[in-house]
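Residue strings, one per chain:
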Amino acid sequence: PKFLLYEPPVHIPACDNLPVPAQVTNLADMTQEQPEAERSAAYATLKNFMISDLHMTDMLNSWYSRDIDRFGYDPREAVCSWVSNNTDVLLRFVPSGYPRVMKDTRTYNEPYLYAAIAFACLVIIVVLVSSYLTHIWSSKPAIRAAQVDFLYLILLGFLFTGASAIMIAIEPSTATCTTQQWLVTLGYTLSYVPLLVKVAAINKIQQQAKRMKRLIIQRSQLFGIVGAALGFVTIYLIVWTIVDTPTRVDNKALVGENIVEVGLGCSSKNSDLWSAFAFAWEAILLVCASVLAFQSRNVRQDFNESRSLATLVYSHFIWAVFRALVTFAIPNSAFKSSVRAAITSLLISCDTLSAIGIYFMPKFIGKRKVSLKNKISLKSKILLNKK
């Protein structure tokens, strides 16, 4: 028999569905742009698809034998009937790993998350205790030499980072996702900028003293520099919040060959870019702190914080590297979203606790040593007087 190959008009429905224009020219690029866990099997299936002459003959014979609406409904019915009767043949072209099995892990009721929150609360308590000790010992030489107002600003930054650790460990929402970014960025800014401004001012005074020159630095000028840095960071955070607000999203990770774990997380369209900028800002602060620590190594001992500043920079650098690895380097398939949140929360808490131990504990212990020394001296004088 003679067969007339006919291409139906585009507007005629096929298999009871409205036609969709074929987009095969850029299907490969569109597929590769998708994350592996969300990648469709369409491109690989079409690439593998082949149909034998025998199957083509079956469809043509079915089309011709119907003879009801040969150039209208009959060819579509022939193809759809063949697909229905030969599903096993078509499944051979589907690549391995499909169909995907979705595993729901969108829960934040895990014990390790509660442990991360408890640890963050402990850090906040330590910050509050440090603030109280700074207040009651504010008149002592070790605390007064460190500039009490700047110590309060640094502790406020530590309080923000501790609060951000709690926000990261609780179930994500648009409010918590935005708040945690604000707290982390502002917290690290407040933790380091006042310290850098103070040390830079001391270094400048030291340099002028060597030249036998007098230098007067207004406190308002120092606080103005801190305020300018906070203003810069605040503008950045406002732009991030308005332009590309972090929101709650479903994080999908391919585990094994065909299992996709669905977890909760915070993200936005360009979240990696915004986060990279925040880490770059921290890196700038660390570089400045390293330079100032080196420059202040010869400053008078009462005001010399080069050793504690250098140790603080090293400690924060280590914790920041760990945070960057968890944020950027480790793939989502490595562990669940809740585990990633707990690890990030613990890293920030450990960073904050380490900073308090490095910078504030020597001042508190030094004060206690001075007090103990004074008491011993006083007792010695009393004994001598008795004699």
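Quick note: structure is the one above.
Structural notes, computed from the coordinates. (Residues numbered from 1 in each chain as written. Predicted model: local features only at pLDDT ≥ 70, side-chain atom pairs only at ≥ 80, totals over all residues. Heavy atoms only, no water.)

Moving on, we come to the sheet that holds strand β2 (residues 247-255). Spatially, 3 strands are ordered β1-β3-β2 in an open sheet, and the strand pairing comes out mixed. The sheet is open, and its two borders are formed by β1 (101-104) and β2, each paired with just one other strand. Averaged over neighbouring strand pairs, the angle between their axes works out to 40 degrees when direction is ignored. Note: β1 against strand β3 (residues 259-267), 4 bridges, orientation parallel. (Pairing = 2+ DSSP bridges. Helix = DSSP H or I, 4+ residues; strand = E, 2+ residues; numbered from the N terminus. Axes fitted to C-alpha atoms, helices over the stretch in contact; angles between N-to-C directions.)

A few words on the nonpolar core. By size, the foremost hydrophobic cluster in this structure holds 59 residues, and its most contacted members are F158, V193, L195, L309, Y359 and F360. Contributions of two or more residues to this core are made by α6 (111-136), α8 (148-169), α9 (174-210), α10 (219-243), α11 (271-295), α12 (306-329) and α13 (337-359). A total of 11 residues in this core trace back to one element, the largest contributor, which is α9. (Core = buried A, V, L, I, M, F, W, Y, C linked by side-chain atoms within 4.5 Å. Buried < 20%, exposed > 50% of the residue type's maximum accessible area, 1.4 Å probe, protein only.)

With that settled, consider a nonpolar patch on the surface. On the surface, I235, I238, V239, I242 and V243 cluster together to form a nonpolar patch covering roughly 490 Å² of accessible area. Inspection of the secondary structure puts I235 in helix α10. (Patch = residues over 30% accessible without salt bridge, like charges linked within 9 Å, V, L, I, M, F, W, Y side chains within 5 Å. Areas by Shrake-Rupley, 256 points an atom, 1.4 Å probe, with all protein chains shown as cover. Salt bridge = Lys/Arg side-chain N within 4 Å of Asp/Glu carboxyl O.)

Further remarks concern the environment of K252. Tracing the sequence through the fold places K252 in strand β2. When its relative accessible area of 32% is taken as the criterion, K252 is described as partly exposed. Residues K252 and E38, 214 residues apart in the sequence, show an inter-C-alpha distance of 7.2 Å.

The next subject is the environment of F360. Tracing the sequence through the fold places F360 in the loop between α13 and α14 (361-386). Overall, F360 belongs to the buried group, its relative accessible area being 0%. In the structure, F360 is positioned 205 residues away from L155 in sequence and 9.5 Å away in space, judged by C-alpha atoms. Once you skip the residues sitting within four places of it in the chain, F360 turns out to touch T134, L151, I154, L155, F158 and A355. (Contact = heavy atoms within 4.5 Å.)

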